[in-house]
Amino acid sequence: MLQTQAQIVTRFAPSPTGYLHIGGARTALFNWLFARGRGGKFLLRIEDTDRERSTPEATEAILKGLRWLGLDWDGEAVSQFERKDRHAAVAHDMLARGTAYKCFSTAEDIAAYRAAQEAAGASYAVFRSPWRDADPASFPEAPYTIRMKAPRVGQTIISDTVQGKVTINNDQLDDMIVLRSDHTPTYMLAVVVDDHDMGVTHVIRGDDHLNNAARQTMVYQAMGWDIPVWAHIPLIHGPDGKKLSKRHGATAVGDYQAQGYPAAGMRNYLARLGWAHGDAELFTTGQALEMFGLAGIGRSPARLDFKKLESTCGWHIAHADDAALLQETAGYLAAADLPPLTEAQSTLLARALYCVKDRAKTFPELLEKAHFALTSRPIVADPAAALALDAVSRGILMELTPRLQNASWTKEDLEPILKEAAASHGLVFGKLAAPLRSALAGRTATPSVYDMMLVIGQDETIARLSAACD
RNA sequence: GGCCCGUUCGUCUAUCGGUUAGGACACCAGGUUUUCAACCUGGUAAGAGGGGUUCGACUCCCCUACGGGCUGCCA
């Protein structure tokens, strides 16, 4: 096997300030697909340098979301905060190289600077630190930040796989702070150092970072490090085209699990949001791994469409392996904080799957369709179903019941018995099916009566029919 | 305000200068059917607007409009 190409390394780097939202999940999926599909590594880094907003609960929620989606990462999740000494060392290295400088300006100084600029007519001004070229002899005994000594003329060009060549004029960029006055690193520094140290070759992330890529490029250059391949993907918007927020309802991946969407369906749907491979719409994760590539990523933001998500999920439930479906149903119930199925119910559900799995788009729907199998006597008919159980129907059911005693309980055997029962009363089969449905399930919408009888079995069928005739 | 990015059916998208602009979801109609689904067949529906370049633009360039992002000692 020829291995001339260096191994691909991608990463997902969420900040633990909340749950894993759907946009982050897609970013993680793209990184995962790209790395896993090419024998590369997919790493996870928690960007927890903001101590005020980062919480262990959020980290746990993110890991949980990724696990549910089946996006496994290589090695341990890296805590960015724990690497702060390394980041600080790099900041000082930059100082030594002359690509960074100590800045003694305070937050008040900066605010005053901006106010003065605005008063002078500028609508907005990037801060120009007076300490950039100051004589070290003039340095006060005071806290300082370390700022990047960014070039003020010329341009920085980002070669982005998705966005193409993006040129930013350097006068747009300020001397960003890389080390805060409390000696903790900022994101701009930490992200570059970590990506470099972790050997990340491809940075696939939201295009809200596109401008940041220019500033980060300067850090790479200042340190003489190789710049990774950039791939800035468009954000996901809500159904109304606005930036995704809580206002749009479910934005946390945990919500989707609790609502009963299968993980495979989520992966499929999310993969198609902003990425396409010809007309491929429905595919397994294995197929996605083979097809996925950066070239298929689009440049415009996508909106969430729950109908399509449902449709996609329906296909995945219908095509899922029964054992996996059973297991994921249990996972759904736990996530939704619902009581688990009893062992008997699980067995019945397993037997019912063949006639309900291609009718359900979500797990609650699957359970609803399998209600006839999961419920137990007494069967209480809902109002609409009760109408079908009139005196005449009950009479027919009563005649029918003894004949079922000797049936061999296959569809082939049952069919003539039911057909004949209907015919002997001059009824089309449909007229008999309605009361049967009512007696067996208590509902008007169910799987076929034959399927229900086969699933619940001979004894239970006869018991339900008898009960309905009392 | 400045800078950056984007704009094909309602939605997700295909198209990499020459197509009756294709597919999927949704929707509508029909079929199948013991109900509900599922399924099958068909249909409605799109290049934001304006200028160029070109024999020929959805595709390349410019302007406008609209949407989004960045502009923090947040990430």
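Residues numbered from 1 in each chain as written. Chains lettered and ligands numbered in written order. Predicted model: local features only at pLDDT ≥ 70, side-chain atom pairs only at ≥ 80, totals over all residues.

1. Notes on the nonpolar core
Applied cut-off: For the purposes of this analysis, a nonpolar core is taken to be any set of buried Ala, Val, Leu, Ile, Met, Phe, Trp, Tyr and Cys residues that are connected through C-beta atoms within 7 Å. With C-beta atoms placed from the backbone, the exposure class of a residue follows from how many other C-beta atoms lie within 10 Å of its own: 20 or more, buried; 12 or fewer, exposed; in between, partly exposed. Helix and strand assignments follow DSSP, with helices taken as H or I runs no shorter than four residues and strands as E runs no shorter than two, numbered in order from the N terminus.
Leu 29, Val 178, Leu 189 and Ala 352 are the most contacted members of the largest nonpolar core, which totals 105 residues. The element that contributes the greatest number of residues to this core is helix α1 (residues 22-36), accounting for nine residues.

2. Focus on unusual backbone geometry
Note the cis peptide between Arg 377 and Pro 378, where omega equals 0 degrees. Mapped onto the secondary structure, Pro 378 falls in the loop between α14 (371-374) and α15 (383-388). The phi dihedral of His 183 falls on the positive side, at around 70 degrees, and the residue is not glycine. With respect to the helices and strands, the residue His 183 is situated in the loop between β8 (177-179) and α5 (187-197). Look at His 183 and you get partly exposed, because 16 C-beta atoms sit within 10 Å. The phi angle at Trp 409 is positive, at roughly 60 degrees, despite the residue not being glycine.

3. Here's the deal with the packing of helix α11 (residues 322-335) against helix α12 (residues 343-356)
Cut-off, in case you're wondering: Every angle, taken between N-to-C directions, lies between 0 and 180 degrees, and every axis is a line fitted to C-alpha atoms, over only the stretch in contact when it is a helix. For classification purposes, an angle smaller than 35 degrees is called roughly parallel, one larger than 145 roughly antiparallel, one from 65 to 115 roughly perpendicular, and anything else oblique. Should the near helix be turned anticlockwise from the far one by less than a right angle, the crossing is termed left-handed; should it be turned clockwise, right-handed. Two residues qualify as being in contact provided that their C-beta atoms, derived from the backbone, are within 7 Å of each other.
Where α11 contacts α12, the axes come no closer than 10 Å and their chain directions differ by 135 degrees. Relative to α12, the element α11 is oriented oblique. Handedness of the α11/α12 crossing: right-handed. Contacts between α11 and α12 involve Asp 322, Leu 325 and Leu 326 from the first element and Ser 346, Leu 349, Ala 350 and Leu 353 from the second.

4. Considering the protein's contact with RNA strand B
The criterion, for reference: Put plainly, near means the residue's C-beta atom, positioned from the backbone, lies within 6 Å of the molecule or strand in question. Gly is put with the polar residues, along with every residue not named as nonpolar or charged; the nonpolar set is Ala, Val, Leu, Ile, Met, Phe, Trp, Tyr, Cys and Pro, and the charged set is Asp, Glu, Lys and Arg.
Inspection of the region around RNA strand B gives 59 residues, with Ser 15, Glu 47, Tyr 124, Tyr 187 and Ser 300 positioned closest. Going through the elements one at a time, α4 (107-119), β7 (164-169), α6 (210-223), β12 (302-303), α10 (306-319), α18 (429-441) and α19 (449-456) are the ones with two or more residues in the surface near RNA strand B. Per-class residue counts for the surface near RNA strand B are 19 nonpolar, 21 polar and 19 charged.

5. Describing the pairing of strand β10 (residues 229-233)
Convention followed: Whether two strands pair depends on DSSP finding at least two bridges between them. We call a crossover right-handed when, viewed with both strands directed away from the observer, the connection leading from the first strand over the helix to the second proceeds clockwise.
Most of β10 is tucked away, with four of its five residues classed as buried. As paired strands, strand β9 (residues 202-206) and β10 are joined by five bridges and run parallel to one another. Paired with Gly 206 across the strands is Ile 233, a residue of β10. Once the chain exits β9 it traverses α6 before rejoining the sheet at β10, and the crossover so formed is right-handed.

6. Considering the sheet that holds strand β1 (residues 9-12)
Ordered in space as β1-β2-β3, the three strands form an open sheet in which the pairing is parallel. What marks the edges here is a single partner per strand, and that holds for β1 and β3 (78-79). Alignment of strand β2 (residues 41-46) against β3, held across two bridges, turns out to be parallel. Within the sheet, the bridge partner assigned to Arg 45 lies in β3 and is Val 78. Lying over the sheet, α1 contacts β1 and β2, oriented at roughly 160 degrees with respect to β1.

7. Regarding the sheet that holds strand β4 (residues 100-103)
Either a parallel or an antiparallel arrangement is found when strands of a sheet pair, and the pairing is made through backbone hydrogen bonds. Spatial strand order, β4-β5-β8: three strands in an open sheet with antiparallel pairing. Strands with a single pairing partner mark the edges of an open sheet, and in this sheet they are β4 and β8. Between one strand axis and the next, the sheet turns by 45 degrees as a mean value, whatever way the strands run.

8. Some words on α11
Quick reminder of the rule: In this analysis, the expected span of each helix is defined as 1.5 Å times one less than the number of residues it contains. This arc is built from the directions going out from the helix axis to the C-beta atoms.
The first and last C-alpha atoms of α11 sit 20 Å apart over 14 residues, in line with the 20 Å expected at 1.5 Å per residue. All of the buried residues along α11 are Leu 325, Glu 328, Thr 329 and Tyr 332. Within α11, the buried residues cover an arc of 115 degrees as seen down the axis, which keeps them to one side. The exposed residues of α11 that point more than 90 degrees off its buried face are Ala 323 and Gln 327. Contact partners of the buried residues in α11: α7 (253-258), α10, α12 and α13 (363-369).

9. Re α1
The end-to-end C-alpha distance of α1 is 20 Å, a good match for the 21 Å that 15 residues give at a rise of 1.5 Å each. Of all the 15 residues making up α1, 15 are buried; the element is thus mostly covered by neighbouring parts of the structure.

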